[in-house]
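If you want the building blocks of each chain, they are given just below.
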Amino acid sequence: MKTLDSVRVGDCAVVIKVDTSAELKQRLFDIGLLEGTTVKVLHESPSGNPRAYLIRGAVIAIRNKDAGCITVKAVEECL
């Protein structure tokens, strides 16, 4: 297992666990970032932070600090 911030640009992963504050967890859940969700890493800003992710058809920017609280499992292909 690894965290979302360690997934390479262009790769996909499935969310296993979101382990962060209740407020941030609720915001992530509201945008569809739940356990079992497939996430694709689309872009990284020039500084490397934040990064853009494709989550349920929407492009969402998440700071590396926050992505580090999301445990994921790598998958071969995005669904």
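Keep in mind that what you see is a predicted model, and the values were worked out from it rather than measured. Sequence order as written defines the numbering, with residues in each chain counted from 1. For this predicted model, a pLDDT threshold of at least 70 governs which residues receive local features, and a threshold of 80 or more governs which side-chain atom pairs are given and counted, while totals over whole chains, interfaces and linings are taken from all residues. Hydrogens and water molecules were not included; the side-chain quantities draw on all heavy atoms of the structure.

1. Concerning unusual backbone geometry
Stage number 1. Residue Pro50 is reached from Asn49 by a cis peptide bond, and omega for that bond is 5 degrees.
Stage number 2. Where helices and strands are cited, they refer to DSSP runs of H or I of at least four residues and of E of at least two residues respectively, numbered from the N terminus. Its location among the elements puts Pro50 in the loop between strand E3 (38-44) and strand E4 (51-55).

2. Describing the side chain of Arg51
Stage number 1. Inspection of the secondary structure assignment puts Arg51 in strand E4.
Stage number 2. Taking the relative accessible area as the measure of exposure, Arg51 reaches 5% and is therefore buried.
Stage number 3. Any N or O atom pair separated by 3.5 Å or less is treated as a polar contact, with the protein-specific requirement of one donor-capable and one acceptor-capable atom, and with residues adjacent in sequence counted only for side-chain atom pairs. For Arg51, the side chain forms a polar contact with the main-chain oxygen of Val7, separated by 2.3 Å.
Stage number 4. A polar atom in the side chain of Arg51 sits 3.5 Å from the side chain of Glu44. Buried means the residue's accessible area, taken with a 1.4 Å probe over protein chains only, is under 20% of the maximum for its type, while exposed means over 50%, and partly exposed covers the values in between.

3. Some words on the environment of Ala58
Stage number 1. By the element assignment, Ala58 lies in strand E5 (residues 58-62).
Stage number 2. Judged by relative accessible area, Ala58 falls into the partly exposed class, the value being 30%.

4. Brief notes about the pattern of salt bridges
Opposite charge on two side chains permits them to pair, given that their charged atoms come into close proximity.
Stage number 1. What makes a salt bridge here is a side-chain nitrogen of Lys or Arg within 4 Å of a carboxyl oxygen of Asp or Glu, nothing more. Applying the stated criterion across every chain, the model contains three salt bridges.
Stage number 2. The partner of Asp11 in a salt bridge is Arg8, and the shortest N-O contact between them spans 3.1 Å.
Stage number 3. Across the pair Arg51 and Glu44 runs a salt bridge whose closest N-O atoms are separated by 3.5 Å.

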